[in-house]
Amino acid sequence: MTSGRVLNVGVAALLLMLAAYGVLSAPGLAAHWRAGLSADLAGMALFGVWLAFAGWSVTRLPQTTDARAWGVFAAGAIALRIAAAVLSDGRVSPGDPHWYLVLAQGLLDGHGLGLVEPYMGTRAVALFPPVYPLLLAGWGAMFGLSTAALLVLSSLLDLASASVIVLLARRLGAPRAGVAAACLFLVWPSQLLDAPLAQKESLATLLVLLLAYGWIVTTGRMREVVLIGVGSAALALTQPGEALLSLLFALLQWRRLGFARVMRIGAAAGSVALLAMLPWWWRNDALLHAFVPLTSAGGYSLWIGNNPAATGNWMPPPHALYGLPELAFSRAAGGLALDWIAAHPVDAIRLTLAKFVRAAAIGQAGLKRLAAMRPGLAPETGALLLPTLHGSYVLLLALAGAATMRLRGCGTSGRVAIGLVAMCFAQLLLLGAPFEFGERHRAFVVPFLLLAVALARERGGARVPTRRPAMPLRSGARATI
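Rules of the game
Residues numbered from 1 in each chain as written. Predicted model: local features only at pLDDT ≥ 70, side-chain atom pairs only at ≥ 80, totals over all residues. Heavy atoms only, no water. Axes fitted to C-alpha atoms, helices over the stretch in contact; angles between N-to-C directions. Helix = DSSP H or I, 4+ residues; strand = E, 2+ residues; numbered from the N terminus. Parallel < 35°, antiparallel > 145°, perpendicular 65-115°, else oblique. Left-handed = near helix turned anticlockwise from the far one by under 90°. Contact = heavy atoms within 4.5 Å. Nonpolar A, V, L, I, M, F, W, Y, C, P; charged D, E, K, R; others polar. 1 Å grid on protein atoms, 1.4 Å probe; cavity = no way out; pocket = protein on both sides within 12 Å on 5 of 7 lines; lining within 4 Å. Points joined across faces, edges and corners; volume = space filled by probe spheres on them. Core = buried A, V, L, I, M, F, W, Y, C linked by side-chain atoms within 4.5 Å. Buried < 20%, exposed > 50% of the residue type's maximum accessible area, 1.4 Å probe, protein only. Expected span 1.5 Å × (residues − 1). Salt bridge = Lys/Arg side-chain N within 4 Å of Asp/Glu carboxyl O. Phe/Tyr/Trp six-rings, centres within 6.5 Å; stacked < 30°, edge-to-face > 60°.

A. A look at the packing of helix α5 (residues 131-143) against helix α6 (residues 147-171). In the contact formed by α5 and α6, the axes pass within 11 Å of each other and the chain directions differ by 125°. When the axes of α5 and α6 are compared, the pair comes out oblique. Between α5 and α6 the crossing geometry is right-handed. Here L135, L136, W139 and F143 of α5 lie close against α6, whose contacting residues are A149, L150, V152, L153, L156 and L157. Class assignment of the residues belonging to the contact of α5 with α6 gives a composition of ten nonpolar, no polar and no charged.

B. Geometry of empty space enclosed by the protein. Throughout the structure, instances matching the rule amount to three cavities of 30 Å³ or more. Empty space within the largest cavity amounts to approximately 230 Å³. For the lining of the largest cavity, the elements supplying multiple residues, two or more each, are α8 (189-194), α17 (365-372) and α18 (380-406). Residue contributions to the lining of the largest cavity peak at four residues, all from α8. Residues belonging to the lining of the largest cavity are distributed by class as follows: seven nonpolar, seven polar and six charged.

C. Focus on the nonpolar core. If you look at the biggest cluster of nonpolar residues, it comprises 130 residues, and the most contacted ones within it are F249, F356, F425, F448 and L449. Ignoring sequence-local partners within four residues, the contact set of F425 consists of L14, L15, L18, F356, A360, V445 and L449. A84, I362, L367 and L370 belong to the second largest nonpolar core, which has twelve residues in total.

D. Representation of the packing of helix α3 (residues 67-88) against helix α7 (residues 175-186). Put simply, α3 and α7 touch, their axes get as near as 10 Å, and they point 30° apart. Considering the angle they form, α3 stands roughly parallel to α7. Contact with α3, carried on its side by W70, F73 and R81, involves V179, C183 and L186 of α7 and no other residues of that element. In terms of residue class, the contact of α3 with α7 is built from five nonpolar, no polar and one charged.

E. A look at helix α19 (residues 411-432). For α19, with 22 residues, the first-to-last C-alpha span of 31 Å sits near the 32 Å given by 1.5 Å per residue. Along α19, 17 of the 22 residues are buried, which leaves the element largely enclosed by surrounding structure.

F. Representation of the pattern of salt bridges in the model. With the rule as written, the count across this model stands at ten salt bridges. Of the charged contacts, one joins D66 and R60 as a salt bridge, the two residues approaching to 3.4 Å between their closest N and O atoms. Of the residues examined, D66 reaches a relative accessible area of 22% and is grouped as partly exposed. With a closest N to O distance of 2.6 Å, R369 and D194 form a salt bridge. Residue R369 is located in helix α17, and its partner D194 is located in helix α8; the two are separated by 175 residues in the primary sequence. Both residues of the pair, R369 and D194, count as buried. Residues joined in a network through salt bridges with shared partners are R60, D66 and R68.

G. Fine view of the packing of aromatic side chains. Counted according to the given criterion, the structure contains twelve aromatic pairs. Aromatic pair W139 and F143: ring centres 4.4 Å apart, planes at 45°, arrangement tilted. Of this pair, W139 and F143 both sit in helix α5, four residues apart, roughly one helical turn. Since its relative accessible area comes to 12%, W139 is described here as buried. A ring pair is formed by F249 and F448, whose centres lie 6.1 Å apart and whose planes are at 50°; its orientation type is tilted. Remark: F448 occurs in helix α20 (residues 446-459) and F249 occurs in helix α11 (residues 245-251); sequence separation between them is 199 residues. Look at F249 and you get buried, because its relative accessible area is 1%.

Right under this line is the structure:
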C-alpha cells in the first residue's frame, strides 16, 4: 500500500470514526437538551429546512450567475445571521466573547491591552494574544461594539474566508466546488451562532485559509513569502494553539517544490514572521521583564487540560495560585500539570485522546454558550437548535470520510484536499488536545472538510489517467503534494 493510499485510508477512518461517535452521542445530547416533544419536533423541522436551503445552495448556485438565485441566497444568509444576533442581543456571554470585549474597551479607554482576571486575582497583560483585541478595538472605534457591529465584523471576516475557499478551489481546478463550499460555510450553523459575538475563531479561520493558500501557490516569490510570514505571525498572535499549521502546510509542498526549496521559503517566511512579532516581544519585555513570545497562558492552559478533573473545557484554577503575578501563576499552573502527567502518564494519554474525540465529534458548543448567557434563554432553545448544530456537523464528518476515499482517484487536487484535512487534524492532536481543548479549537477545520466534500461531489470520484497528471507539477504549476 502506497503512502498516499495509507493517508487516504487513515483520514477516512478517522472521520468516519468521529462521525460514528457523534451518532452514538446524539441520544445523550438530545436527552440533555430535551424540553418536550413539541420542541424536539420543531428542532427536527428546523434542521430539515436548513438542509433544504443548504442543498439548494450547493446544487443551484455553482451552476448559475442568475442574480435572483444569488439574491435569495444572500437574503437567506443574512436572515439566519440576524436570527442568531437576536438570540444573543442584550445578553452577556461568558468566557472569551466577554473578555475580548473588555480588552477592546480597555484599549479604547486608554488603559492598554490588559485586564484583571478574576480567577487569577491579578492584572494580566499578556494572557490574551493581541491581534484580535486590536482588530476589535479598531472596529469599535469606528462602529462601536454593539451586537450589530460585531455581527457585521464577523460576517465580513466570514466573507473573506469564503473568498479564500473559492481561490483554493480554483487553484485545484474545481471552481464550482469552491462556490459550493463557500456558500455552505457562510450558512454553517456554528458560524451563524458565533457571528454576533466577539469570537476570535472567525479571524483565526481566515488566517488558516490564507496560510493554506499561500503555501499551495508559492513558488518563492517575495509577495508569497510575505503572505506566509505575516499570516503565520498573525495566526500565532491570534490563536497560539494553531501556530504549527504553517509548518504542517509547508510539509505538504515538498514533492512540488523539493525539500531544499521548501526550507528556503520557510526560512524567509520565518524571518518575516519574526519581524512581525517583534513589537509584541518588546512590549512584553518592557511590562513583564521576560520573553513572552505568544501568550502567558501556556501553563494555565496546560493545567486546564491536565488535572484529575479535566475535561478539556475551561475550569477555575486552584485557589492556592490566586494572587500570584501573571508569569508566576502560569509557571505554577504548568508545574502542577506536568507533575500530574508525570505521575499519571497513561491517564494523561487517555485524557488527551478523549478530549480530542469529544471536541472533534460533537457539535453543541454554540448551545452551551447560549445556555450560559445571562439573562438565560428559554429551555426550548436547546432542543430547537441541537439537531441543526450537531446533525449538520456529524453529517459533514460522514460525508467528508466518504469524500476522502472518492478523492483517491481525483489526481493532484484530491491529494491536496486530503493533505490539508490531514494536517488540520495533525495540528489538533499535536498542539491542541494536550492543552485546554474544546469544540471552538477545531473550528478552522470546517472549511477544509466542506471543500473536500464539494470537490468529491464535483469530480464524482472519476479516476485521473495515470499517464497525464491533472495539473502540471513544475514550479509554476498549481498545487500538489
